[in-house]
Structures are given as structure tokens and as C-alpha cells.
Amino acid sequence: MGPEQRRDLEQGLPGAQPKPVDGPAGYYSLPESPAPQERLLRSESRHSLSRSASRDQLPHQGHAQRIAAEVQEEEQELCYHKHHSNRSPWLRALVLGANDGLVSTAALMMGVGGGTADLATLRLAGVAGMVGGALSMAVGEYISVSSQRDAERADIEQERLEQLKGPAAQARELEELAQIYVERGLPYDLARQVAVVLSEKDVIRAHARDELGIDIDELSNPLQAAVVSAICFTVGAAIPLLSAAWIPGSSLRLGILAGATTVGLCLFGFLGAWLGGANVLRGGLRVIVGGWLALGIVYGIGRALNVDSTG
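Reference entry: report on the structure contained in this document. Small disclaimer: the values here were computed from a predicted structure and weren't measured. (Residues numbered from 1 in each chain as written. Predicted model: local features only at pLDDT ≥ 70, side-chain atom pairs only at ≥ 80, totals over all residues. Heavy atoms only, no water.)

Details of the overall build of the protein chain
(1) Moving on: A count of helical and extended segments in the protein chain gives 11 helices and zero strands.
(2) Moving on: Residue pairs at least 24 apart in sequence account for 66% of intrachain contacts in the protein chain once pairs closer than 6 positions are excluded.
(3) Moving on: Split by element, the accessible area of the protein chain, about 19,800 Å² in all, is 60% carbon and sulfur. (Helix = DSSP H or I, 4+ residues; strand = E, 2+ residues; numbered from the N terminus. Contact = heavy atoms within 4.5 Å. Areas by Shrake-Rupley, 256 points an atom, 1.4 Å probe, with all protein chains shown as cover.)

Describing the environment of Trp292
(1) Moving on: Within the secondary structure, Trp292 is located in helix H10 (residues 280-304).
(2) Moving on: Accessibility expressed as a relative area gives 48% for Trp292, which makes it partly exposed.
(3) Moving on: Counting along the chain gives 34 residues from Trp292 to Ala258, while the straight-line C-alpha distance between them is 8.5 Å.
(4) Moving on: Those residues within four positions of Trp292 in sequence are excluded, and the remaining contacts are Thr262 and Leu265.
(5) Moving on: Among the polar contacts made by the side chain of Trp292, one reaches the side chain of Thr262 at a distance of 2.9 Å. (Buried < 20%, exposed > 50% of the residue type's maximum accessible area, 1.4 Å probe, protein only. Polar contact = N/O pair within 3.5 Å; in protein donor to acceptor, adjacent residues only side chain to side chain.)

Considerations on the packing of helix H9 (residues 250-275) against H10
(1) Moving on: Put simply, H9 and H10 touch, their axes get as near as 7 Å, and they point 150 degrees apart. Taken together, the axes of H9 and H10 lie roughly antiparallel to each other. For the element pair H9 and H10, the recorded crossing hand is right-handed. Packed against H9, whose contacting residues are Leu254, Thr261, Thr262, Leu265, Cys266, Gly269, Phe270, Ala273 and Trp274, the element H10 presents Val280, Leu281, Gly283, Gly284, Leu285, Val287, Ile288, Gly291, Trp292, Leu295 and Tyr299 at the interface. (Axes fitted to C-alpha atoms, helices over the stretch in contact; angles between N-to-C directions. Parallel < 35°, antiparallel > 145°, perpendicular 65-115°, else oblique. Left-handed = near helix turned anticlockwise from the far one by under 90°.)

With respect to the pattern of salt bridges
(1) Moving on: Tallying each qualifying case throughout the model produces six salt bridges.
(2) Moving on: Arg205 is the salt-bridge partner of Asp202, the closest N and O atoms lying 3.2 Å from each other. Of this pair, Asp202 and Arg205 both sit in helix H7 (residues 188-210), separated by three residues, roughly a single helical turn.
(3) Moving on: Look at Arg205 and you get partly exposed, because its relative accessible area is 28%. (Salt bridge = Lys/Arg side-chain N within 4 Å of Asp/Glu carboxyl O.)

What to know about the nonpolar core
(1) Moving on: Counting 16 residues, the largest nonpolar core has Met109, Met110, Phe233, Leu241, Leu257 and Leu295 as its most contacted members.
(2) Moving on: Where this core is concerned, the elements lending two or more residues are helix H4 (88-115), helix H5 (119-163), helix H8 (222-244) and H9.
(3) Moving on: Residues contacting Phe233, with those up to four places away along its chain left out, are Gly97, Ala98, Asp100, Gly101, Ser104, Thr105, Gly129, Met130, Gly133, Ala134 and Met137.
(4) Moving on: Judged by nonpolar contacts, the second largest core, of eight residues, contains Leu177, Ala178, Ala195 and Ala206. (Core = buried A, V, L, I, M, F, W, Y, C linked by side-chain atoms within 4.5 Å.)

Looking at the side chain of Thr261
(1) Moving on: Residue placement: Thr261 occurs in helix H9.
(2) Moving on: Thr261 sits in the buried class, given a relative accessible area of 1%.

Looking at H8
(1) Moving on: With 23 residues, H8 should reach 33 Å at 1.5 Å per residue; the first-to-last C-alpha distance of 34 Å fits that figure.
(2) Moving on: The backbone nitrogen of Leu223 has a side-chain oxygen 3.2 Å away, supplied by the residue at the start of H8, namely Asn221. (Expected span 1.5 Å × (residues − 1).)

Observations concerning the side chain of Ser229
(1) Moving on: For Ser229, the location among the structural elements is in helix H8.
(2) Moving on: In this view, Ser229 contacts Met137 and Glu141; residues no more than four positions away in its chain are not counted.

Structural data, given as C-alpha cells:
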């Protein structure tokens, strides 16, 4: 794209007009666009013409092929993009829980394997690490999310009590809500109108959402978070435990343990980056390098405290 084409495109963007219209200072009107019904009619007309042209150009193809061609043409006209931030709560629980279980259990087994060649001891350490870690994750997540929910409920109750103090307090809260919309870029008159409309509909919900950042319909669930964290931790911990807890040779056992852990790190790292919309290679390498460091450090400590040689 050349500089002139780029300049023409930027001048056509909303808010790029050189002259403001009548209204509050600094406010630019959006370019006029066809009414919704007119846009719908135009879209239907384009689709009809496109389908007619497709049928004329594909007279000898089957019905399924014609439908596929029409769907492809309609999809090319759509302009959409995906958001990944709405996945953050369950994505965090999934990736962190599974990666915690994988790295902590594998590092524990590597450390024990570096200190002793006894298979029963290694197996016991792996099982204890998996069960203890899962319970620890569940309890910690339950306490953390419960505290968060209690704080959210206390803030919502505070807003309700403010509304019960009378017209003066309600006016202050309304002005506070309007100022929030002004800070987000709305002119004051429009921000005031939005605040009034939302307050008339559900004043507590409006303040909770826009002032506190709390969705009343989506309050945190401590039990759900605890169960998900424990399950994810167990799934991650099962990878090193099942891969090496029944291998008789010490060297082979540790090699298989390191290999299985690396595969799990790749899986969780790449999956987490892909679901979060981040760079897959960078996200995967970050998890792999961190896991390898943990395995190497704990294995070195186990070798330094070798109980076979000291016992």
C-alpha cells in the first residue's frame, strides 16, 4: 500500500474528519452509514447476484459444490475477529494447574531418582507429590476465590447502601457514573444520558459493572475453581508418574521421565499459547525452558544428597 492510499484510508476512518460538527468540543461525528434495513437489502441483493452468477458459471457441477461455492463467497464478505481475553479465567486454571502438576511431580521424581535408585521410593514420591499437590491446589484456589467473591459481594452491598441514603446520595452516584463514561471518551451530555438510562434499568448492576468491574451474573465460584484446579493438577502429574514409575532401570527410568515431561511441557505450552491467541512458538519455548530448569536443579540437588552412597 502506497503512502497516498494509506493517507486516504486514514482520512476515511471515524474521528479523522478535519472539522468538528456542532456539539461538545473535541467530538467528531461518525460518518453517515446506510440504515440497518438498507444495509440488509444491499447485502441480500449482493448475495442473490452472487448466487446467480455462481449457478451460471457452474452449470455442470453438483448441488453440493454449488452450495460450497456460495458459502465460501459469503464468508469472504464477512469481516470478523476473535477475542481471547474472555477465555482467561478457565485458561489460567487449565494451563497453570496442569503445568504445576507436571513440573512439580516430575521435578520431585527427578530429585528422588537422582538421590536413590530404589523404584519403590520413586513411585511413593510421585504418588505423594500428585495427591498432596492436587489437594494443595484445591484448598488454595478455594480460599483465594472465596476471598475474591466476599470482596465483590461487600462492594456490591456498599453500592446498595449508598442508593438507600436518599436523593442526594443517588445524585452523587449518578454523577460518578457519568464521569466514568466521560473518562472513557463520551461527551458529558451523552455520558449523563447513558448513566440515567442504565440507572433507571438497574442502578446496582450499572455501578457494579462500570465502577467496580464486577459482573453480578458471573461472580466467582470457589468450589468450581477448586475442583478444576485439582483435576488439572492431577492430569499434569499423571504424565511423569505413569511414564516412569514402573521402569526397572534407573538411568532408563530418568531418561523416560525427562522425555515424557518434555512432551507434556510442549503440549501444555503450545496449547495455552494457542488458546490465548499468543505466539505459539514463544509460549511453548517459555514453558519448556522453565520446566527443564526445574528438572535440572532438583536432579542436581538429589545427586548431591545421594542417599545410596551415604547409606
